[in-house]
Number of protein chains: 2
Amino acid sequence: MIFNMKRADAATELSVLVDYLQGRDLKMTRPRQTVLEVFLGIEAHVTAEELYDAVRKVDPSIGQATVFRTVRLLEEAGLARSACRDDGARSYEHAYRHKHHDHLVCVDCGAIVEFREAEIERAQAAVYRKHGFEATGHSLELFGRCPACRRKGGTRA
Amino acid sequence: MIFNMKRADAATELSVLVDYLQGRDLKMTRPRQTVLEVFLGIEAHVTAEELYDAVRKVDPSIGQATVFRTVRLLEEAGLARSACRDDGARSYEHAYRHKHHDHLVCVDCGAIVEFREAEIERAQAAVYRKHGFEATGHSLELFGRCPACRRKGGTRA
DNA sequence: GATATATTGATAACCATTATCATTTGACGG
DNA sequence: CCGTCAAATGATAATGGTTATCAATATATC
Ligand SMILES: [Mn+2]
Ligand SMILES: [Mn+2]
Ligand SMILES: [Zn+2]
Ligand SMILES: [Zn+2]
């Protein structure tokens, strides 16, 4: 038996993972639980590498490959959502009990603001209909300069 | 002197490139012109690698590094636009005298349909305003199944 | 044409990610 | 509990797309 969560509210995510593993001949393991816990503790968009750095601080014995594998597993299980950033790196964010949203990204400081705009979603549905496509998902990123960076007039790096 | 275009209408793109090079201590070269011509002859979204394959058929002496370098140059000069695909590869498309548009992507066959939706653009502008961001650009991809693939009920690969 | 400098192509290096594989671990039945 | 066995692990090598290095070459200007 492995369980024994620290964050009370993370129990349900863990059960989602366990349910996903069940019947698939996959096993619940200590490294997987640690990766899940660390991931749930991060309220941001992280790459697998960044997640690995955070995981190491909790359990240095966990290998990089396991973190990469597990975060993919979390995505399959519906606990994480990933997207390929414009620089080519893949980032992950929480997906369980998180509503769909898109992102405003500051090109100067990298800040990310999440937003939902019903009108955009509606217009997208219309585009799908017009072209006879069946929707499976979309990615929208609005690039720009955030209020703080506009004030500074900065041009990072 | 290098010039001597085959496609009559490509002359203006070439002059855009030459103008960009001028005053920047950059030089117009035969490989650059070849890469530009081949690129202009492809009405699709291509990776640098795919462009390299096409360039080789015209001039096998041109190296891969030069194609990668040149296509980046074309982007800087405003002749190409690039985007990172979800699989991590970067693809390029024509940007000169091409209006902004977004993409519908078939997840089964990879087909790409370009579209412009004024309503989406308007709603995006509203999001920028609401959050005090200064817009610099955006990327929107609608993933789905195209009409042909829906009929086949296919699930590629 | 000679000169100075940018460009080239072959190659090595890079980075994020994935595959390989011997060893360890967890789930299950006894 | 313990044994069994497939699944998981971590170290490492390999991959794919891209960029850096560098000696040789081509270009613009004089
Ligand atoms: Mn988000
Ligand atoms: Mn396009
Ligand atoms: Zn900012
Ligand atoms: Zn299709």
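Residues numbered from 1 in each chain as written. Chains lettered and ligands numbered in written order. Predicted model: local features only at pLDDT ≥ 70, side-chain atom pairs only at ≥ 80, totals over all residues. Heavy atoms only, no water.

A. Spotlight on the protein's contact with DNA strand C. Taken together, the neighbourhood of DNA strand C is formed by 21 residues, with K27, T29, R32, T66 and R69 of chain B sitting nearest. Those atoms of DNA strand C that come within 4 Å of the protein belong to sugar or phosphate at a rate of 70%. Contacts to DNA strand C include M28 of chain A, whose backbone N or O atom sits 3.0 Å from a sugar or linking oxygen. Listing elements by their share of the surface near DNA strand C, those giving two or more residues are α4 (64–76) of chain A together with α2 (30–40) and α4 (64–76) of chain B. Along the lines of polarity and charge, the residues of the surface near DNA strand C split into eight nonpolar, five polar and eight charged. (Near = heavy atom within 4 Å. Polar contact = N/O pair within 3.5 Å; in protein donor to acceptor, adjacent residues only side chain to side chain. Helix = DSSP H or I, 4+ residues; strand = E, 2+ residues; numbered from the N terminus. Nonpolar A, V, L, I, M, F, W, Y, C, P; charged D, E, K, R; others polar.)

B. Seen up close, the coordination of the manganese ion (ligand 1). All names here are of chain A. Around the manganese ion (ligand 1), the protein contributes the donor atoms H45 (NE2), E93 (OE), H101 (NE2), H103 (NE2) and E114 (OE), at 2.0 to 2.3 Å from the metal centre. Counting gaps between the donor residues of the manganese ion (ligand 1) yields the pattern H-x47-E-x7-H-x1-H-x10-E. On the criterion of sequence distance, the pair formed by H101 in the loop between β3 (90–94) and β4 (102–106) and E114 in strand β5 (residues 112–115) is long-range, its members being 13 residues apart. (Donors = N, O, S within 2.8 Å, 3.2 Å for Na, K, Ca; no water.)

C. Local environment of the pairing of β3 of chain A. All names here are of chain A. In terms of burial, β3 is largely enclosed, as four of its five residues are buried. Of the pairings in the sheet, the one linking strand β2 (residues 80–84) to β3 comprises five bridges and is antiparallel in character. Paired with R81 across the two strands is E93, which belongs to β3. Counted between consecutive antiparallel strands, the loop separating β2 from β3 contains five residues, among which G88 sits at a positive phi close to 100°. (Buried < 20%, exposed > 50% of the residue type's maximum accessible area, 1.4 Å probe, protein only. Pairing = 2+ DSSP bridges.)

Taken by themselves, the reported measurements are silent on function.
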